[in-house]
Amino acid sequence: NAGVTQTPKFQVLKTGQSMTLQCAQDMNHNSMYWYRQDPGMGLRLIYYSASEGTTDKGEVPNGYNVSRLNKREFSLRLESAAPSQTSVYFCASSVYLSSSDTQYFGPGTRLTVL
Amino acid sequence: ELKVEQNPLFLSMQEGKNYTIYCNYSTTSDRLYWYRQDPGKSLESLFVLLSNGAVKQEGRLMASLDTKARLSTLHITAAVHDLSATYFCAVRPDSNYQLIWGAGTKLIIKP
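Not measured: the values here are computed from a predicted model.

Undergrad: Got a minute to help me understand the sheet that holds strand β8 (residues 74-78) of chain A in this structure?
TA: Note: strands within a sheet are paired through backbone hydrogen bonds, in either parallel or antiparallel orientation. Residues and elements named next belong to chain A. Here we have four strands laid out as an open sheet, ordered β1-β3-β8-β7, and antiparallel in their pairing. On the outer flanks of this sheet lie β1 (4-7) and β7 (64-68), each paired with one strand and no other. Going across the sheet, the axis of each strand differs from the next one's by a mean of 20 degrees, ignoring polarity. As paired elements, β7 and β8 share five bridges and run antiparallel to each other. Of the residues in β8, the one forming a bridge with Val-66 is Leu-76.

Undergrad: How do you make sense of the environment of Glu-73 of chain A when you look at a structure like this?
TA: Residues and elements named next belong to chain A. Inspection of the secondary structure puts Glu-73 in the loop between β7 and β8. Overall, the relative accessible area of 27% leaves Glu-73 in the partly exposed class. A sequence separation of 41 residues divides Glu-73 from Met-32, and the C-alpha atoms of the two residues are 8.4 Å apart. Residue contacts for Glu-73: discarding those within four places in its chain leaves Cys-23, Ala-24, Met-32, Ser-67 and Arg-68.

Scoring rules and cut-offs
Throughout, a residue's number is its position along its own chain's written sequence, starting from 1. Whichever chain is written first is A, and whichever ligand is written first is 1; the rest continue in order. Reporting of local features is limited, given that this is a predicted model, to residues whose pLDDT is at least 70; pairs of side-chain atoms are given and counted only at 80 or more, and all residues count toward the totals for whole chains, interfaces and linings. Note that water and hydrogens are dropped before the side-chain values are worked out from all heavy atoms of the structure. One requirement defines pairing of two strands: DSSP has to find at least two bridges between them. The secondary structure listing takes helices from DSSP runs of H or I that are at least 4 residues long and strands from runs of E that are at least 2 residues long, numbered from the N terminus. Convention adopted: a line fitted to C-alpha atoms gives each axis, helices being fitted over their contacting stretch, and angles between N-to-C directions are expressed from 0 to 180 degrees. Here's how the labels work: a residue is buried when its accessible area is under 20% of the maximum for its type, exposed when over 50%, partly exposed in between, all with a 1.4 Å probe on protein chains only. Every residue pair with non-hydrogen atoms within 4.5 Å of one another is taken to be in contact.

Dropping the structure here:
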């Protein structure tokens, strides 16, 4: 049982390049999330998917797109990377709106945009 | 504006001492989460507090929730070096599905 996995672990991009961050979970969770973590700012939600087939914007969606490929997989795409997107990106998953909706996090992707 | 404020943001303490981290939030909510993050690592769930007056304990950590005061506390008893980490609280507002996160409290426990 791997939990939540993310690829890649590290990435360096040049301004204007695109990339997709991959996330998969094997806990049969309905809901999945993408966060970014910047120093001193806690976590900020980029997008989430409450259930398969739905996606919604979070607090900081500009410059990102997402795809809920199936129940297990939720990808985050940067179409034209900017230095302001340098951050650590975490994917998380949870059961949807239940008393046990703790979010479980992946190991993170450390992205640097030059 | 939805806000979650943690206090203090940085805490350096000696082993064996007790201390409390505070988490204040600005919206109605009956669900509060505490997470731990080690340097360079992911976030690990510690506690979920689901109702007013809820108290949960795990080892040297105890968390409580007062929804009327919109306050949660994370109390550390007889701190040990292994508890050094950054601790985050997060709130799910009644009117919203998203979690709102505090900035984190970086805790350093010196031997």
